[in-house]
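Listed below, chain by chain, are the residues.
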Number of protein chains: 2
Amino acid sequence: MNGAESLVQSLAAAGMEACFANPGTSEMHIVEALERAPSIRCVLGLFEGVVTAAADGYARMAGKPAATLLHLGPGLANGIANLHNAHRARVPILNIVGQHPTHHLRYDAPLTSDIEALARPHSQWMKTSTSAVQLARDGMEGLAAASIPPGQIATLIAPADAAWSEGGEIARPQLVPCAPLASVEAIEQVASILRTGLPAAILLSGNALFGQGLRTAGRIASFTNAKLFAPYPITRLERGAGLPRVDRMPYNPEQATSTLKNFRYLILAGSRVPVSYFSYPGKSSIQVPETCEVHVLASEQQDCAAALEALSITLSTDKVPPSAEPAIEPGVPPGELTTVTLAKVIGTLLPENTIVIDESMTSGRSLMPETIGSRPHDFLTNTGGSIGIAMPLAVGTAVACPQRPVLCLSADGSGMYTLQALWTMAREGLNITTVILANNQYAVLKREFGGLGVGTPGPRAASLLEIGRPSIDWVSLAKGMGVPAMRTTSNEEFAQALKRGFDSGGPSLIEIQL
Amino acid sequence: MNGAESLVQSLAAAGMEACFANPGTSEMHIVEALERAPSIRCVLGLFEGVVTAAADGYARMAGKPAATLLHLGPGLANGIANLHNAHRARVPILNIVGQHPTHHLRYDAPLTSDIEALARPHSQWMKTSTSAVQLARDGMEGLAAASIPPGQIATLIAPADAAWSEGGEIARPQLVPCAPLASVEAIEQVASILRTGLPAAILLSGNALFGQGLRTAGRIASFTNAKLFAPYPITRLERGAGLPRVDRMPYNPEQATSTLKNFRYLILAGSRVPVSYFSYPGKSSIQVPETCEVHVLASEQQDCAAALEALSITLSTDKVPPSAEPAIEPGVPPGELTTVTLAKVIGTLLPENTIVIDESMTSGRSLMPETIGSRPHDFLTNTGGSIGIAMPLAVGTAVACPQRPVLCLSADGSGMYTLQALWTMAREGLNITTVILANNQYAVLKREFGGLGVGTPGPRAASLLEIGRPSIDWVSLAKGMGVPAMRTTSNEEFAQALKRGFDSGGPSLIEIQL
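Every value quoted in this text rests on a predicted model; they were computed, and no experiment measured them.

Chemist: Kindly report on the interface of chain B and chain A, identifying the contributing residues and their values.
Modeler: Listed as interface residues are 95 residues of chain B and, on the opposing side, 95 residues of chain A. Residue Lys-479 of chain A is joined to Asp-473 of chain B by a salt bridge in which the shortest nitrogen-to-oxygen separation is 3.6 Å. Counting the contacts that link chain B with chain A gives 50 residue pairs in polar contact (both at pLDDT 80 or more). Of all the elements, helix H4 (residues 72-89) of chain B adds the most residues to the side of chain B that touches chain A, at eight residues. Across the side of chain B that touches chain A, the residue classes tally to 53 nonpolar, 29 polar and 13 charged.

Below is the structure:
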């Protein structure tokens, strides 16, 4: 068999079930080999930023890596911004990037570029395969590297001659080390802190934000009165009625610091010390006030859920029921849609088990408070600050969880970066209801303009922050890519459209002008 | 003044007239400074691949660099694929990429990444500025580096504190060296070759493909019977009735070799030895047959037009009139639109001085033969093989040449990578008629599948090469971004729509289903 066949068959045997792809000539032998791997779902994206974000969404919900298939340096480059986000989400992804055969590289043909240099900044593992016999082995090494907890980006560069040459051999999956455990000292110390009864915040990440880890955190919160927080960027948070309350750290640096001023202790469970996205003249990057003492329960690499479990046992909270939010239905208010009322409508109608993707930016500020008591759901956000992830991230989550509805909330500015994801939603018939919150501007930048002390933008500067001239007609854009869409102006209309979207079982788009 | 102000004012004073931008928080001080530089036209792109390709198009036609303004690593990353193309086009571009202040970098905030590592592969000059006083100086150094003939990509990384701190000083433009001249020996040798009268092909690039250089080449061709060629990737070629005939080298390696078999000599005037885009099992990468002797008149870095002028004088052809194509009007054929008839319609209606952007891929194969005798026009193609350049490249050319009509021909697959360019066309009211040649597939990949000896794709593989399920409705997509659009099915309809597009003086889009 050729190298391509051995790679694909080895990945299939190792349990890989999804390949998000935008291949080119150099990857045709791999495409051909995918023909005979029916257990791998191949999902085409019309732009590589869709491909990499979909792999991120898949990994967040499936808890295991998908493959991407990308065309040479430029194909990888188009996917880098969302690999940046995936890297910050700490999810596993195996990129497979085609390359010219070695003998062709010396001619510096038009599509030649330094793929390794482009891959390195966002790949924790990277290798250029050297032969057909190596290709599957390298693929298995990359898969194992990607799977190291909590998850890594691995990039396998596959020269076309390694793919097309005979001599490929099926390779076995490699062992993946478990996440290391937190130290007994760290657990004892945090336990003694929590026993003081002084105000404590626990900043959770990774597997502490869903499943057993979250419930354990809820038991600890319930027993000790510690408050649970998630960082502003959220890879995956399970929340809603009956689940422990986890508040999100504010984006705004002053608000974040002000929140932490209420606590004597900040305990990091898989999280880093919270820092601001951006630096502002004369202001600190660190959001923790000096009055708040920071302690590490578990690092980003350690098993957070296990650390919480150990802490729970140490505190003898393991029989305590976890804290649980009451069910709240905000109701559908009458009248015009606003950022507050749209959040109430969503909070009221959210079906159980929905995967909510939130890149609604400034228009989404009421979303979390209005959905805290909604039916239980997962909540996923942009993790790296590179906007343009919501719709393709939704694609990946829907492929990972075909039985669950997905609600994708995107700002208009963010949505335009990767709108091609709508086409993939239509092609794959994915159960995704996309809501575009259109305020016709990069509103966050207008705020930052003020926050940086630059004042109010003049007309020329403002023209770079406003996207409403011409106005973007999302109903037409969605229609152009095969997704049924409508514009809604009242809460009742929005509620109806949302219900129809959830009930349809397929993709739809709702535009809201704010 | 602050660093941002000094940078922007220095660029304006140095004659920079266009800035293609998609800024974020880190670039707000530069945006603010642009407010007071009315001689710089600021053009917003909703995606960075639009921004960099527009800068490429601008440079190809204006012959000088525009600036791009990009947000941190991810913003640059989104622009890399079209910087790859620009790099291959050998055009000047000055990228300005924001960066966190140095004191913020150590916190590894979500948007932090290794910008230098991402910039290096496609930048011939790169510098991270270290202070307000350095920023304008570095900008002038970058501008000069970009302007080194034939053109380079320069990337200035501007930390936010360098932009916002006081101490900026206006910097003067730096001297740019002229392109070196070809050696007397090379000119004498080529002259003696051409005097033999044996069949010779001259492969022209750079400034030999338009203006005085092209006319000189035409005189030489006319006098010596040498045939003029352009490489398959064309940065800018002036052609049409009354101009010298320049044939494009075929994409297909066998066809390219077969073309060159007709010649005893291949003379490179600013071109490289032609090589295949891709490598195929058992086939050579070099397209020149052994029977064809290669000689270099001028390298890529040397002044081609001057080398041709010197050659012309040596051959005493300077009084000979250049070769000139006769005017041909293919006429508008009756009936259904095909790849051949659409080219005839274009060949008939092309207004004088049109800038034709061609990324029509497999559907455009009749375009060059059917427009060889059209009214004089410039012809620009994808130069680096990273598809998704046509529409944003058109944006840049229209900004560079507001008095000239632009005809943008894009395949449907290519167009989807950077469709956001349509919005910029609408916002800026650019005189661009876009024609989408929709065959609902990555047809080139189906051919390559065969060319690589992989056979015919099965249904799973084919699904990664077909984009017609769901079909993409370009009329809706254009409408969604404010560009008037229609679908045409007959030659007469297409001719009418094309005329209306050219007459409108603004943007329009025509979809053709093939």
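Chemist: Describe the side chain of Thr-155 of chain A, listing the residues and the values that go with them.
Modeler: Residues and elements named next belong to chain A. By the element assignment, Thr-155 lies in strand S6 (residues 153-159). Accessibility expressed as a relative area gives 0% for Thr-155, which makes it buried. A distance of 2.7 Å separates the side chain of Thr-155 from the side chain of Ser-123, its partner in a polar contact. Those residues within four positions of Thr-155 in sequence are excluded, and the remaining contacts are Asn-95, Val-97, Ala-119, Ser-123, Trp-125, Met-126 and Lys-127.

Chemist: Can you lay out the sheet that holds strand S16 (residues 432-438) of chain B for me, pointing to particular residues and giving the numbers?
Modeler: Residue and element names in this part refer to chain B. The seven strands are arranged S9-S14-S13-S15-S16-S18-S17 in an open sheet whose pairing can be described as mixed. Across the chains shown, the open sheet's two edge strands, defined by having one partner strand only, are strand S9 (237-239) and strand S17 (485-488). Each adjacent strand pair in this sheet contributes to an overall mean axis angle of 20°, direction not counted. Pairing of S9 with strand S14 (residues 377-381), which is carried by three bridges, proceeds in the antiparallel orientation. Bridging from a neighbouring strand, Arg-239 pairs with His-377 of S14.

Chemist: Can you explain the pattern of salt bridges? Please cite residues and give values.
Modeler: Inspection of the entire model under this criterion finds 56 salt bridges over all chains. Where Arg-137 of chain A meets Glu-169 of chain A, a salt bridge forms, and the shortest distance between an N and an O atom there is 3.5 Å. Here the residue Arg-137 of chain A occupies a position in helix H7 (residues 132-147), and Glu-169 of chain A occupies one in the loop between helix H8 (160-164) and helix H9 (184-195), the gap between them amounting to 32 residues. Take Glu-169 of chain A: its relative accessible area is 43%, and that puts it in the partly exposed class. Here Asp-378 of chain B makes a salt bridge to Arg-236 of chain B, at a shortest N to O gap of 3.0 Å. In this pair, Asp-378 of chain B sits in strand S14 while Arg-236 of chain B sits in the loop between strand S8 (227-230) and S9, placing the two residues 142 residues apart along the sequence. Among the charged side chains, a network of salt bridges with common partners joins Arg-88, Arg-90, Arg-272 and Glu-300 of chain A together with Asp-108 of chain B.

Chemist: Now, about empty space enclosed by the protein: what can you tell me, with residues and values included?
Modeler: Counted by the stated rule, this structure contains eight cavities of 30 Å³ or more. In this structure, the largest cavity occupies an estimated 100 Å³ of space. Met-361, Ala-411, Gln-441, Tyr-442 and Ala-443 of chain A are the residues nearest the centre of the largest cavity, which is lined by 15 residues in total. Secondary-structure elements contributing two or more residues to the lining of the largest cavity are helix H16 (412-415) and helix H18 (443-451) of chain A. Broken down by element, the lining of the largest cavity gets its largest block of residues, three residues, from H16 of chain A. Per-class residue counts for the lining of the largest cavity are seven nonpolar, seven polar and one charged. Of the volumes computed, that of the second largest cavity is approximately 70 Å³. In this structure, the second largest cavity is lined by Leu-7, Val-8, Leu-11, Met-16, Cys-19, Ile-30, Leu-34, Ile-40, Ala-67, Leu-69 and Ile-96 of chain B.

Chemist: Before we move on, can you summarise the relation of the copies chain B and chain A with the specific residues and values?
Modeler: The operation relating chain B to chain A is a screw motion whose rotation component is 180°, with 0.0 Å of axial translation and a residual RMSD of 0.0 Å. Look at the turn and shift together and you get a two-fold axis relating the two. An overlap of 100% is found between the interface residues of chain B and their copies at the interface of chain A, pointing to a shared contact surface.

Chemist: Tell me about the side chain of Ser-10 of chain A, and please be specific about residues and values.
Modeler: Residues and elements named next belong to chain A. Mapped onto the secondary structure, Ser-10 falls in helix H1 (residues 3-13). By relative accessible area, Ser-10 is classed as buried at 0%. Among residues more than four places away in sequence, those in contact with Ser-10 are Ala-136, Met-140, Glu-169, Ile-170 and Ala-171.

Chemist: I'd love a proper account of a nonpolar patch on the surface, names of residues and values included.
Modeler: Together, Val-273, Ile-286 and Val-294 of chain A make up a nonpolar patch on the protein surface, roughly 180 Å² of accessible area in all. Here Ile-286 of chain A shows up in the loop between strand S11 (265-269) and strand S12 (293-298).

Chemist: Please set out the confidence of the model for chain A residue by residue, giving values where relevant.
Modeler: In this model, chain A carries an average pLDDT of 97, and 100% of its residues clear a pLDDT of 70 or more. Reported confidences for the modelled complex are a pTM of 0.98 and an ipTM of 0.98.

Chemist: Give me helix H21 (residues 491-504) of chain A: which residues, what numbers.
Modeler: Residue and element names in this part refer to chain A. Compared with the 20 Å implied by 1.5 Å per residue over 14 residues, the 20 Å span of H21 between its first and last C-alpha is a close match. Of all the residues in H21, the buried ones are Asn-491, Phe-494, Ala-495, Ala-497, Leu-498, Gly-501 and Phe-502. Angularly, the buried residues of H21 cover 165° about the axis, an arc narrow enough to put them on a single face. In this structure, the buried side of H21 is in contact with helix H13 (339-349), strand S15 (406-411), strand S16 (432-438), strand S17 (485-488) and strand S18 (508-513).

About the cut-offs
- Per chain, residue numbering runs from 1 following the sequence as it is written.
- Ligands are numbered from 1 and chains lettered from A, in the order in which they are written.
- For a predicted model such as this one, the threshold for reporting local features is a pLDDT of at least 70, and the threshold for listing and counting side-chain atom pairs is 80 or more; totals across whole chains, interfaces and linings nevertheless cover every residue.
- Side-chain calculation: all heavy atoms of the structure are included, whereas hydrogens and water are not.
- Residues are treated as being in contact if the distance between any of their heavy atoms lies within 4.5 Å.
- Throughout this description, the term salt bridge denotes a Lys or Arg side-chain nitrogen within 4 Å of a carboxyl oxygen of Asp or Glu.
- Polar contacts, as counted here, are pairs of nitrogen or oxygen atoms within 3.5 Å of one another; within protein the pair requires one atom able to donate a hydrogen and one able to accept it, and residues that are adjacent in sequence qualify only if both atoms are side-chain atoms.
- A run of DSSP states H or I qualifies as a helix once it reaches four residues; a run of E qualifies as a strand once it reaches two. Both are numbered from the N-terminal end.
- Basically, the charged four are Asp, Glu, Lys and Arg, the nonpolar ten are Ala, Val, Leu, Ile, Met, Phe, Trp, Tyr, Cys and Pro, and anything else, Gly included, counts as polar.
- Between buried and exposed lies partly exposed: a residue is buried under 20% and exposed over 50% of the maximum accessible area for its type, with that area taken using a 1.4 Å probe on protein chains only.
- Should DSSP find at least two bridges between two strands, the strands are regarded as paired.
- Each axis is a line fitted through C-alpha atoms, taken for helices only over the stretch in contact, and angles between the N-to-C directions span 0 to 180 degrees.
- Of the grid points, spaced at 1 Å and generated over the protein atoms alone, those admitting a 1.4 Å probe that cannot get out make up cavities, while open sets with protein on both sides within 12 Å along at least five of seven lines make up pockets; any residue with an atom within 4 Å of a point is treated as lining.
- Grid points are joined across faces, edges and corners, and a volume is the space filled by probe spheres set on the points.
- Here the copies were fitted onto each other by least squares, based on C-alpha atoms from residues at pLDDT of at least 70 in both.
- Only residues whose relative accessible area exceeds 30% and that form no salt bridge enter a patch; like-charged residues are grouped when within 9 Å of one another, and nonpolar side chains (Val, Leu, Ile, Met, Phe, Trp, Tyr) when within 5 Å.
- Only the protein chains shown count as cover for residues, and the accessible areas themselves come from Shrake-Rupley with a 1.4 Å probe.
- Known as pLDDT, the predictor's per-residue confidence is scaled from 0 to 100.
- Helix span, as expected, comes to 1.5 Å for every residue beyond the first.
- The arc in question is the one spanned by the directions pointing from the helix axis to the C-beta atoms.

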